Amino acid sequence: MQKDVLVIGGGIAGLQAALELAGAGYPVHLITDEANLGGKLVDSSENGSKAACVWGDQVNISALYLGGNLHASSTVLGSLITRAYNNPLVHLYTSSKLVELQGDVGHFQATISDVRADKRTQKLVVGAVILAAGFSMYDVSKKGEYGYGYHKNVVTSLEFEHMLSESRYRSDCIRRPSDGKCAEKIAFIQCVGSRDVVSKGEYCSAICCMFTAKEAILAKEFSPKTDVTVFYLDLRACGKNFDTFLSRAQELGTKYVRTMISEVKEDPVTEKLSINYAAASKPLAEEFDLVVLAAGIRPSTRLKETAGILQLPLNEHGFVQVDPLDPVNTKRPGVFSVGGSQGPLDVPETMALASAAAAATARVLGKSEGRPARKPVAERDVTKEPLRLGVFLCKSGLTAMGADTEAVIQAAKGQGDVVVVECDQAVCQPEAIAKIQNLIATQGLNRIVVAPCVLKHNLTLFQEAAQAAGLNRMLVEMAPVPVKNWENHSEKANSAAIAVTVRAVKDVKNFKPLRWHAEPVVPRALIVGGGVTGMAAALALADRGYSSTIVEKSAELGGYVRNFTGSLETDDLKKTVENLEKQVAKNDKIEVLVNSEVAHFSGRQGHFITLVATGQGQIKTTKNVEHGVVILATGTTTYVPAEYMYGEDQRVITGVEAMYRLVDGRLPAKGEPTYVFVQCVGSRNEEHKYCSRTCCGETVYAAAKIKEQNPDAKVYVLSRDIRTPGYLELKYRDARKAGVVFVHYDETDKPVLVKDKDGNLSMAVNDPQSGLTLNLKPDQVILAVAQTASKEAEQLANIFKIQVNADGFLSETHSNFGTIAFPGGGIFISGAAHGPKSVVECLTQAKGVAGRAARILAQPALMMGGMVAEVEWEKCAACLTCVRTCPYTIPQITREKKEMGAAYIPPADCRGCGMCASECPNKAIFVHHYQDDEVLSRVETALTEVG
């Protein structure tokens, strides 16, 4: 069995899958037909092969992934790229393509060629293949009515991305292409090439709404007086934090108008663009300086060719055909598909699929050979050596600041104890990293400074490089590029660049080596929640040979969808849940504890101890479970509405109840009944500001089923938006064809349900497009209610010392890039515990989480220590301040060193938060790497003004 893996595609999906596999010890060969890594999220205007900083002026990173800090997201992508470049187990082949694949799973022979020279260059033998070919953008020139290609001020969303980047660095406003004048009014037109039969893009492209919202925010932040209008059909803000993001765009002044635009005309004299549209049944006309077309997505240009080589069938839209319930597996064993290869997906889904594909690949190939990314090097003892500093300057970082390279070099050379100063185009590139390692060895460097760099994640990269050269990793400092830009003020730019470099030099002189030690790993997982997510995660771990314990609060497994028959993704939902239950029941590696809950939790990554209470009422038994990782899969609960007479009239039910009635035949009734669905009941309001994601899908499914089983039934859906991204749009289209009537309503003018004296129900809704009021006489009202965080979420957050967000859901590292992990390590989140999700998304994420967890469980021991707290016994008064202060309840009082007792903080358990050190009245506790002299030095330099 060959353990190497071939990854086709250098976008986020390919990078994520490659790095996860490399982290597990599998050699990866990543090929991309582009000159740079990053795919569509890195749009390079210079396709040269020279090393370049991913934040440099020549590379523009789109921040369309939204969670947390919009502007910080680019740093995360940059980290993926630099880690891939510098991981010895990831072999990169840019400007390359696959031309032949023979063999079977475990032993494929792949031939790749250079796309520029068009000649075969190399043969590879791999055990598995991951196709992450990304996507292409729709050619908007085919929509001639919008004038792209002959109206200079009509641009695509990617072109506008370039304009934003150029403006931020070189202008005081966003300038239109025709004459360079400031664009005071900008219009975005959505769904250009999406949801469109004529352009053969009937599906929703999934990313466009949020891409536009992101660009609108950046435009308004950069130039607040700019007038921005977005013309749209439905706002598809389905992901976690997405509605908050849309609200941010609207708070900044972006106007959203629901309408369809038929054409864009240009005034030949002023070059302004006029748009005619209808709003509230009235015809309106408006002029804009710039029109941005939100282009839909299409299969990547080489997908058909590559799929043919891989012998993979394509669907009717030209994307890879996959099983909706197992989307990473293809028809060919050993070949997996992720990301844009499958169709339109947003970033969180793409990242989850990448993790799932990496896990599926590892399962197929079996245990890796465990090759270390770098050969271990004995660490040099530098405690008695005189200071010898090496300063490594990044020319791209200096250019981004507008600083003169030579001036900063000379300033660095003038600092005391600095013996080496080097300047490279991009210090994070492999050649520059190798130079640093060589100079550590040959020049006896014992402190390293890298300056300046925007990608803060790169500090870890430089620390690992130093460690590989035999220098303690904590003797490295990286100076960040300040947010402020001084391009037009060279003296200030030079001063700022010199200042940040000098700061780093002064700080690193006080750094001390830190030590780590090995702690054994317990190869078992604790899974909290026994729904589809928890069961799928347990089974995926069992396939890799690891045991797990499922803790489920109810009397049976299955969770929220246990009794559903189907969903928009699959009609076999009930069968899927039953199969999961059967597999769990017969798997001897899975222990199931029903009617159980977590009572207490302690320990550290690799060795946790959880007390589980089992039983009902007052009589409960307890059990300690030792495990190496935790997977939280607690799911959601259903909002109980107080609106629309729910609970007062039996004809008003929830969407969940409707799904159950479809199962047992109580829906639909015979004859000509009228059903009215009302969307967003308890969602997207002040109480629950988010979209519950699954409601629209459940409504479209139930409404279509009612029409299918009783064509004479009248079915109306009253909605603010119908959110069916990707291929779910086709189901929405089919429901309309079947006769389901969809009517929009405004948030400020909700439908009104009343009951007359004879007990008849009447529903009135105002249609904002036509200006008419529709009066309906429903026999059944079905409320699509919010999915809310489980009642146990906050309790579990307290037990596991993690956070919940403002909506009550468990809060992850990053809601797009880090959707399944917490910063503390060893604790993962999966499925609807993260936020409302479909069953398919839950299953996919569960497999990805299992793959991540297995990487920890596969290690016999983990290195612990480093930046942890330590107690100076002689100063400790055993006052219990640290015991009460620690958020993780780690400090303990012992008499081992002092008869009166003193605090002890196990280094393996400490999280290094510093709370105990800051509160200790006797200053008996310090945190390594943050001792007084180190902190005071940083404070002194931090107070120095930059620029």
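Anything mentioned here points back to the structure above.
To keep things clear, this report deals only with the structure shown in the data block. (Residues numbered from 1 in each chain as written. Predicted model: local features only at pLDDT ≥ 70, side-chain atom pairs only at ≥ 80, totals over all residues. Heavy atoms only, no water.)

**Details of the overall build of the protein chain**
On a plain count of helices and strands, the protein chain comes out with 22 helices and 48 strands. Compactness check: the protein chain gives a C-alpha radius of gyration of 29 Å against a globular reference of 30 Å for 947 residues, within 12% of the reference. If you line up the protein chain on its principal axes, its C-alpha atoms span 90 × 85 × 60 Å. When the 947 residues of the protein chain are sorted by exposure, 58% land in the buried category. Taking the intrachain contacts of the protein chain between residues at least 6 apart in sequence as the baseline, contacts between residues at least 24 apart amount to 70%. Surface summary for the protein chain: the accessible area is close to 38,900 Å², and the carbon and sulfur share equals 50%. Across the protein chain, the centroid of the 103 positively charged side chains sits 3 Å from that of the 106 negatively charged ones. (Helix = DSSP H or I, 4+ residues; strand = E, 2+ residues; numbered from the N terminus. Rg over C-alpha atoms; globule rule 2.2 N^0.38 Å. Buried < 20%, exposed > 50% of the residue type's maximum accessible area, 1.4 Å probe, protein only. Contact = heavy atoms within 4.5 Å. Areas by Shrake-Rupley, 256 points an atom, 1.4 Å probe, with all protein chains shown as cover. Lys, Arg positive; Asp, Glu negative; His and termini not counted. Charge placed at Lys NZ, Arg CZ, Asp CG, Glu CD.)

**Quick notes on unusual backbone geometry**
For the peptide bond that leads from Ala-451 to Pro-452, omega is -20°, which places it in the cis range. The omega torsion across Leu-667 and Pro-668 is -5°, close enough to zero to call that bond cis. Relative to the helices and strands, Pro-668 is located in the loop between helix 15 (655-664) and strand 35 (674-681). Look at Arg-684: it is not a glycine, yet its phi comes out positive at around 55°. One non-glycine residue, Arg-693, lies in the positive phi region at around 65°. Secondary-structure assignment places Arg-693 in the loop between strand 35 and helix 16 (695-709).

**Looking at helix 16**
Along its 15 residues, helix 16 runs 21 Å from first to last C-alpha, staying within 8% of the 21 Å computed at 1.5 Å per residue. For helix 16, a buried count of 12 out of 15 residues is recorded, marking the element as mostly surrounded by other parts of the structure. Listed in full, the buried residues belonging to helix 16 are Cys-695, Cys-696, Gly-697, Glu-698, Thr-699, Val-700, Tyr-701, Ala-702, Ala-703, Lys-705, Ile-706 and Lys-707. Considering only its buried residues, helix 16 is in contact with helix 15, strand 35, strand 36 (714-719), helix 17 (728-737), strand 37 (741-744) and strand 41 (780-785). (Expected span 1.5 Å × (residues − 1).)

**Side note on the state of the cysteines**
Applying the stated criterion to the full structure yields 1 disulfide. Of all cysteine sulfurs, the one in Cys-191 lies closest to Cys-209, which takes part in no disulfide; the gap is 6.0 Å. For Cys-886, which is in no disulfide, the shortest distance to another cysteine sulfur is to Cys-913 and amounts to 5.7 Å. (Disulfide = S-S within 2.5 Å.)

**Digging into a nonpolar patch on the surface**
Among the surface-exposed residues, Met-867, Tyr-930, Val-935 and Val-939 lie close enough to one another that they form a single nonpolar patch of about 310 Å² accessible area. Tracing the backbone through its elements, the reader meets Val-935 in helix 22 (residues 932-942). On the basis of relative accessible area, Val-935 is assigned to the partly exposed category, the value being 30%. (Patch = residues over 30% accessible without salt bridge, like charges linked within 9 Å, V, L, I, M, F, W, Y side chains within 5 Å. Salt bridge = Lys/Arg side-chain N within 4 Å of Asp/Glu carboxyl O.)

**A look at the nonpolar core**
One finds Val-532, Leu-541, Ile-631, Tyr-675, Phe-677, Val-715 and Phe-742 to be the most contacted residues of the largest nonpolar core, which totals 64 residues. Residue contributions to this core peak at 11 residues, all from helix 19 (residues 839-857). Discounting chain neighbours no more than four positions away, the residues touching Val-715 are Tyr-675, Phe-677, Ala-703, Ile-706, Lys-707, Gly-739, Val-740 and Val-741. In this structure, Ile-409, Val-418, Leu-455 and Leu-471 belong to the second largest nonpolar core, which totals 47 residues. (Core = buried A, V, L, I, M, F, W, Y, C linked by side-chain atoms within 4.5 Å.)

**What about the pairing of strand 1 (residues 5-8)?**
Burial of the side chains of strand 1 extends over both faces: Val-5 and Val-7 are buried on one face and Leu-6 and Ile-8 on the other. The pairing of strand 1 with strand 9 (residues 128-131) spans 4 bridges and is parallel. If you follow Val-7 over to strand 9, its bridge partner there is Ile-130. Here strand 1 runs beside strand 2 (residues 28-31); their pairing, made up of 4 bridges, is parallel. Note on strand 2: the bridge partner recorded for Val-7 is Leu-30. For the handedness criterion, the β-α-β arrangement of strand 1, helix 1 (residues 12-23) and strand 2 is classed as right-handed. (Pairing = 2+ DSSP bridges. Right-handed = clockwise from strand over helix to strand, strands pointing away.)

Without other data, these values stay purely geometric and don't point to any function.
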